[in-house]
Amino acid sequence: MKSAGIFCLLLVLIAGVAGAQDSRFRVNPYLGWYQFDESSFEDALDQVDLDSGAIYGLRLALGGHEGLSLDLSYGRASVDGEFEFEEVLEREEADIDLFYGALNYHLPLPVDIFLSGGLGGIRYAPEERDSDTNLLVNYGAGFTFPIGLARLRADIKDHVDLCDAPDDIGDLDFG
């Protein structure tokens, strides 16, 4: 895990220099917050408590800040959870990998505000069980603004996991 953090820090430094150029092809690091939406798992997660955490990744942006642009992104987060299964409390640590593409429409305004939507996948990889990858749909909005030679981007997205969750936490295989 330390090597992944060092790798991302190096990419931030490299991309910061590259991001100073206003080009149609950019590689940008990102840092955000991953909030696990337990409501998508209905009844099964009535017995589960999952923590939120930081997400970090890289975004390849194709296109400018007008009209349409495309983002290809990868992000990684870690989550901790507690599962109550047959009156025994199980702890689980897992990694979340997001990989997706999003089409952005930049509104014709004096500031760069955009709407975003796309498709991708989410991989949930617990330490003690097999990983699972599902289709996801993402949508959101954001804005960018120049700071000197670079640009700062802020956006909020909902990644809707299109998986078929079990009705009961007992249907999960804890190995």
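In what follows, the accompanying structure is described. The residue numbers shown here count from 1 along each chain, following its written sequence. At least 70 in pLDDT is required for a residue's local features to be given in this predicted model, at least 80 for side-chain atom pairs to be given and counted, and no such filter applies to totals for whole chains, interfaces and linings, which use all residues. Excluded from the side-chain calculation are hydrogens and water; included are all heavy atoms of the structure.

1. Structural notes on the overall build of the chain
Then comes step 1: Helix numbering and strand numbering both begin at the N terminus, where a helix is a DSSP run of H or I of at least 4 residues and a strand a DSSP run of E of at least 2. In terms of helices and strands, the chain carries one helix and eight strands.
Then comes step 2: Start at the N end of the chain and walk to the C end: the helices and strands fall as α-β-β-β-β-β-β-β-β.
Then comes step 3: Residues classed as buried in the chain amount to 35% of the 175 residues present.
Then comes step 4: At a minimum sequence separation of 6, the contacts of the chain that also span at least 24 residues come to 55%.
Then comes step 5: Under the convention used here, a 1.4 Å probe and the Shrake-Rupley method define accessible areas, while residue burial counts only the protein chains that appear. About 10,600 Å² of surface is accessible on the chain, with carbon and sulfur atoms providing 60% of the total. Under the scheme applied here, a residue whose accessible area is under 20% of the maximum for its type counts as buried, over 50% as exposed, and between as partly exposed, the area being computed with a 1.4 Å probe on protein chains only. By definition in these notes, contact holds between two residues if any of their heavy atoms fall within 4.5 Å.

2. A look at the packing of aromatic side chains
Then comes step 1: Aromatic contacts are taken between Phe, Tyr and Trp rings whose centres are within 6.5 Å, Trp giving its six-membered ring; a plane angle under 30 degrees counts as stacked, one over 60 as edge-to-face, and the others as tilted. Considering all chains together, one arrives at one aromatic pair under this definition.
Then comes step 2: Between Phe143 and Phe145, the aromatic rings sit 5.7 Å apart at their centres with planes inclined by 15°, giving stacked as the arrangement.
Then comes step 3: A relative accessible area of 38% places Phe143 in the partly exposed class.

3. Quick notes on the side chain of Asn138
Then comes step 1: Summarising the element assignment, Asn138 is placed in strand 7 (residues 132-147).
Then comes step 2: For Asn138, the contacting residues outside a window of four places in its chain are Tyr100, Gly101, Ala102, Ser116, Gly117, Gly118, Leu119, Lys157, Asp158 and His159.

4. Some details on the environment of Ser69
Then comes step 1: For Ser69, the location among the structural elements is in strand 4 (residues 67-85).
Then comes step 2: Overall, Ser69 belongs to the buried group, its relative accessible area being 4%.
Then comes step 3: Taking the C-alpha atoms as reference points, Ser69 and Phe25, 44 residues apart in sequence, are found 10.0 Å from one another.
Then comes step 4: Sequence-distant contacts of Ser69, defined by excluding residues within four places in its chain, comprise Leu62, Gly63, Gly64, Ala102, Leu103, Asn104 and His106.
Then comes step 5: What qualifies as a polar contact is a pair of N or O atoms within 3.5 Å, subject to a donor-acceptor requirement within protein and to the restriction that residues adjacent in sequence count only when both atoms come from side chains. A polar side-chain atom of Ser69 sits 2.8 Å from a polar atom in the side chain of His106.

5. Quick notes on the pattern of salt bridges
Then comes step 1: When a carboxyl oxygen of Asp or Glu lies within 4 Å of a side-chain nitrogen of Lys or Arg, that pair is called a salt bridge. Counted under the stated rule, the structure contains seven salt bridges.
Then comes step 2: The partner of Asp155 in a salt bridge is Arg153, and the shortest N-O contact between them spans 3.3 Å.
Then comes step 3: Look at Asp155 and you get partly exposed, because its relative accessible area is 30%.
Then comes step 4: Each of Arg59, Asp71, Arg153 and Asp155 takes part in salt bridges that share partners, so that together they form one network.

6. Details of a nonpolar patch on the surface
Then comes step 1: Taken together, the side chains of Phe25, Val27, Leu62, Leu68, Leu70, Leu72, Leu103, Tyr105 and Leu115 make up a nonpolar region of the molecular surface, amounting to roughly 780 Å² of accessible area.
Then comes step 2: Among the secondary structure elements, those contributing two or more residues to the nonpolar patch are strand 1 (25-34), strand 4 and strand 5 (88-106).
Then comes step 3: In terms of residue count, strand 4 provides more of the nonpolar patch than any other element does, three residues in total.
Then comes step 4: You can see Leu62 is positioned in strand 3 (residues 53-62).
Then comes step 5: On the basis of relative accessibility, which here comes to 30%, the residue Leu62 falls in the partly exposed class. By definition, no residue in a patch forms a salt bridge, and every one has over 30% relative accessible area; like charges are joined within 9 Å, nonpolar side chains (Val, Leu, Ile, Met, Phe, Trp, Tyr) within 5 Å.

7. Some points on the nonpolar core
Then comes step 1: What makes a nonpolar core is a set of buried Ala, Val, Leu, Ile, Met, Phe, Trp, Tyr and Cys residues whose side-chain atoms join them at distances within 4.5 Å. Counting residues in each nonpolar core, the largest one holds 14 residues, and the members touching the most others are Tyr34, Ile55, Val79, Ile96, Leu98, Tyr100 and Ile122.
Then comes step 2: Where this core is concerned, the elements lending two or more residues are strand 1, strand 4, strand 5 and strand 6 (112-126).
Then comes step 3: When residues in this core are grouped by element, the largest group, five residues, is from strand 5.
Then comes step 4: Residues contacting Ile96, with those up to four places away along its chain left out, are Tyr34, Gly75, Arg76, Ala77, Val79, Ile122, Arg123 and Tyr124.

8. Points about the environment of Leu119
Then comes step 1: Its place among the elements puts Leu119 in strand 6.
Then comes step 2: The spacing of Leu119 and Tyr139 is 20 residues in sequence and 8.9 Å in space, taken between C-alpha atoms.
Then comes step 3: Those residues in contact with Leu119 that lie beyond four places of it in its chain are Tyr100, Gly101, Leu136, Val137 and Asn138.

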